[in-house]
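Now for the letters of each chain:
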Amino acid sequence: FDQNLSPRLPRVLEDIFPESVHVRAIGMRDETDSNIWSYARDNDYSIVSKDSDFQARSLLYGHPPKFIWLRVGNCPVKTIAELLRRRSVAIHTFGQDKSKSYLLLP
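Residues numbered from 1 in each chain as written. Predicted model: local features only at pLDDT ≥ 70, side-chain atom pairs only at ≥ 80, totals over all residues. Heavy atoms only, no water.

> Whenever I open this one, the pairing of strand β3 (residues 102-105) confuses me. Can you help?
In summary, the side chains of a regular strand alternate between the two faces of the sheet. Burial along β3 is one-sided: Leu103 and Leu105 are buried, while Tyr102 and Leu104, pointing the other way, are not. Where strand β2 (residues 67-70) meets β3, four bridges bridge the pair, whose relative direction is parallel. Bridge pairing links Leu70 to Leu105 in β3. (Buried < 20%, exposed > 50% of the residue type's maximum accessible area, 1.4 Å probe, protein only. Helix = DSSP H or I, 4+ residues; strand = E, 2+ residues; numbered from the N terminus. Pairing = 2+ DSSP bridges.)

> Would you mind showing me how to read the nonpolar core here?
Generally speaking, a soluble globular protein has its nonpolar side chains buried in company with each other. By size, the foremost hydrophobic cluster in this structure holds 17 residues, and its most contacted members are Leu9, Ile68, Leu70, Leu84 and Leu105. Of all the secondary structure elements, the ones that give two or more residues to this core are β2, α4 (77-86), α5 (88-96) and β3. Considering each element in turn, this core owes the most residues, five residues, to α4. The contact partners of Leu70, leaving out residues within four places of it in the chain, are Leu5, Val48, Ser49, Lys50, Ile80, Leu83, Leu84 and Leu105. Counting nine residues, the second largest nonpolar core, distinct from the first, contains Met28, Trp37, Ile47 and Phe67. (Core = buried A, V, L, I, M, F, W, Y, C linked by side-chain atoms within 4.5 Å. Contact = heavy atoms within 4.5 Å.)

> For this particular structure, what's the right way to read the packing of helix α2 (residues 33-42) against helix α3 (residues 52-61)?
For any two helices packed against each other, the geometry is given by the interaxial angle and the distance between the axes. Remark: α2 packs on α3, axes separated minimally by 11 Å, with the N-to-C direction vectors making an angle of 55 degrees. Relative to α3, α2 is oriented oblique. Pair α2 / α3 crosses with right-handed handedness. Contacts from Asp33, Ser34, Ile36 and Trp37 in α2 reach Asp53, Phe54, Arg57, Ser58 and Tyr61 in α3. In terms of residue class, the contact of α2 with α3 is made up of four nonpolar, two polar and three charged. (Axes fitted to C-alpha atoms, helices over the stretch in contact; angles between N-to-C directions. Parallel < 35°, antiparallel > 145°, perpendicular 65-115°, else oblique. Left-handed = near helix turned anticlockwise from the far one by under 90°. Nonpolar A, V, L, I, M, F, W, Y, C, P; charged D, E, K, R; others polar.)

Right, here's the structure in full:
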């Protein structure tokens, strides 16, 4: 999970996304998007963010890493968690689809 999302999300969602981490947990709190992209690519992570810059990177470079773009405004952790739970099948399917670089979740 990118910096613009709560560091509580991996814990809240560990039952359905057990290997999720937040950038803070891996010492990347203040890293650039480029460094986060490289880390995700090199460590087989997808990036979950509200940052449209990652969408531009996914169009330019393709994947890996895959990018999940949350098109939501400021909202509570509970709202983000509910969105990701509601769309968990689509997220898991997207992770297996070799043809797609990013997934937009409105």
